[in-house]
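# Structure assessment
Read off the chains here:
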Amino acid sequence: MSKIAIMGAMPEEIAPLLKKVENIKKVEYANNAYYQATYKGKELVIAYSKIGKVFSSLTASTLIEKFGCSTLLFSGVAGAINPSLHIGDLIIADKLCQHDLDITIFGHPHGFVPEGAVFVETDIRLREIAKVVAEKNELTLIEGTIATGDQFVASNERKEFILSTFKADAIEMEGASVATVCDALNVPFFVLRAISDTANDDAGMDFDEFMVGSAIISANFILEMVENIDQ
Ligand code: ADE
């Protein structure tokens, strides 16, 4: 049976998953822990990468190349850029970009390097499954652009740059790097985030207050999606 990877960036993002899955077997590899498990008959491998694009690339690659996962779901929290997103709201990425990738001095657009692309799209079938789960639970689910960078954004000026440059709806620190890995390796992937802050001056405090609750909202939604994914 093919395996479904579920990854987060921080322990808090996968803890709610580990509470609900069964037959957990922990495997240590490359300074990280990978949890092989089952949920309602589906085979899963769950891991948190540590924060940022480098660690998340390593974990995504490992889940695919070493553990043989053929679908990857990311669950976690994000800062809102779109003013209609509030703390606890859910967003799925239709596409992702790297807002801090900058070789514009050579005439390239923000987020672009030669032989790459500014935006990487997520799997449309996984997005459809998310919409079915949202409808069933009467939850609002926004679909939009997620911008990723190796910075925790807590400034209206940086938010404005990301909005005007990429028309992004939310920001976080891992999605686009995971997307780039999965796209290159032809693995269908999906990114879900629950809002923990609005990336303004108060973002640090809001994140500390709301991150755990929002991580639980995202993780519970992802597990319901798993039930609906054909393996
Ligand atoms: N993840 C959650 N909130 C964030 C923010 N404000 N900036 C970057 N990543 C985040």
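You'll find the structure just up there.
### Focus: the overall build of the protein chain
On a plain count of helices and strands, the protein chain comes out with six helices and ten strands. Against the 2.2 N^0.38 benchmark of 17 Å for 231 residues, the protein chain shows a C-alpha radius of gyration of 16 Å, consistent with a compact globule. Taken along the three principal axes of its C-alpha coordinates, the protein chain extends 50 × 40 × 30 Å. Roughly 10500 Å² of accessible area belongs to the protein chain as shown, and the carbon and sulfur atoms make up 53% of that amount. The distance from the centre of the 19 positive side-chain charges to the centre of the 33 negative ones in the protein chain is 7 Å.

### Thoughts on the pattern of salt bridges
Within the structure shown, the criterion is met by eleven salt bridges. In this structure, Lys26 engages Glu28 in a salt bridge whose closest nitrogen and oxygen atoms are separated by 3.6 Å. A salt bridge links Arg125 to Asp123; the shortest N-O distance between them is 3.3 Å. Through salt bridges that share partners, Glu13, Glu172, Glu174 and Arg193 make up one connected network.

### Quick word on the pairing of strand β1 (residues 3-8)
Summarising burial for β1: five of the six residues are buried, a large majority. In the sheet, β1 pairs with strand β4 (residues 42-48) via five bridges, with the strands oriented parallel. By the bridge assignment, Ile6 is partnered in β4 with Ile46.

### As for the side chain of Ser218
Locating Ser218 in the fold gives a position in helix α6 (residues 203-227). At a separation of 2.7 Å, a polar atom in the side chain of Ser218 contacts the side chain of Ser75. Setting aside residues no more than four positions away along its own chain, Ser218 makes contact with Ser75, Gly76, Leu90, Leu192, Arg193 and Ala194.

### Looking at the packing of helix α3 (residues 124-136) against α6
When two helices pack together, their arrangement is given by the angle between the helix axes and the distance between those axes. Where α3 meets α6, the axes come as close as 9 Å, and the angle between the chain directions of the two elements is 110°. In this view, α3 runs roughly perpendicular relative to α6, as classed from their interaxial angle. Relative to α6, α3 is oriented so that their crossing is right-handed. Mapping the contact onto sequence places Leu126, Ile129, Ala130, Val133, Ala134 and Lys136 in α3 and Phe221, Glu224 and Met225 in α6. Classifying every residue of the contact of α3 with α6 gives seven nonpolar, no polar and two charged.

### Observations regarding the site of the ligand
Within the structure, the ligand sits among 13 residues, and Ala78, Gly79, Phe152, Val153 and Asp197 are positioned closest to it. In the environment of the ligand, a nitrogen atom lies 3.2 Å from a nitrogen or oxygen atom belonging to the backbone of Gly79. In the environment of the ligand, a nitrogen atom lies 2.6 Å from a nitrogen or oxygen atom belonging to the side chain of Asp197. In isolation the ligand offers 260 Å² of accessible surface; the protein chains occlude 96% of this area. Secondary-structure elements contributing two or more residues to the shell around the ligand are β5 (69-80), β9 (170-172) and β10 (189-197).

### Topic: the packing of aromatic side chains
Here the structure, examined in full by the defined rule, presents three aromatic pairs. Geometrically, the ring pair formed by Phe152 and Phe207 is edge-to-face, given 5.3 Å between the ring centres and 75° between the ring planes. Residue Phe152 is located in the loop between β8 (141-148) and α4 (156-166), and its partner Phe207 is located in helix α6; the two are separated by 55 residues in the primary sequence. For Phe207, a relative accessible area of 17% gives the class buried. Looking at Lys66, its charged tip hangs above the ring of Phe67, at a distance of 6.0 Å from the centre.

How each quantity is defined
- Residues numbered from 1 in each chain as written.
- Predicted model: local features only at pLDDT ≥ 70, side-chain atom pairs only at ≥ 80, totals over all residues.
- Heavy atoms only, no water.
- Helix = DSSP H or I, 4+ residues; strand = E, 2+ residues; numbered from the N terminus.
- Rg over C-alpha atoms; globule rule 2.2 N^0.38 Å.
- Areas by Shrake-Rupley, 256 points an atom, 1.4 Å probe, with all protein chains shown as cover.
- Lys, Arg positive; Asp, Glu negative; His and termini not counted.
- Charge placed at Lys NZ, Arg CZ, Asp CG, Glu CD.
- Salt bridge = Lys/Arg side-chain N within 4 Å of Asp/Glu carboxyl O.
- Buried < 20%, exposed > 50% of the residue type's maximum accessible area, 1.4 Å probe, protein only.
- Pairing = 2+ DSSP bridges.
- Polar contact = N/O pair within 3.5 Å; in protein donor to acceptor, adjacent residues only side chain to side chain.
- Contact = heavy atoms within 4.5 Å.
- Axes fitted to C-alpha atoms, helices over the stretch in contact; angles between N-to-C directions.
- Parallel < 35°, antiparallel > 145°, perpendicular 65-115°, else oblique.
- Left-handed = near helix turned anticlockwise from the far one by under 90°.
- Nonpolar A, V, L, I, M, F, W, Y, C, P; charged D, E, K, R; others polar.
- Near = heavy atom within 4 Å.
- Phe/Tyr/Trp six-rings, centres within 6.5 Å; stacked < 30°, edge-to-face > 60°.
- Lys NZ or Arg CZ within 6 Å of the ring centre and 35° of its normal.

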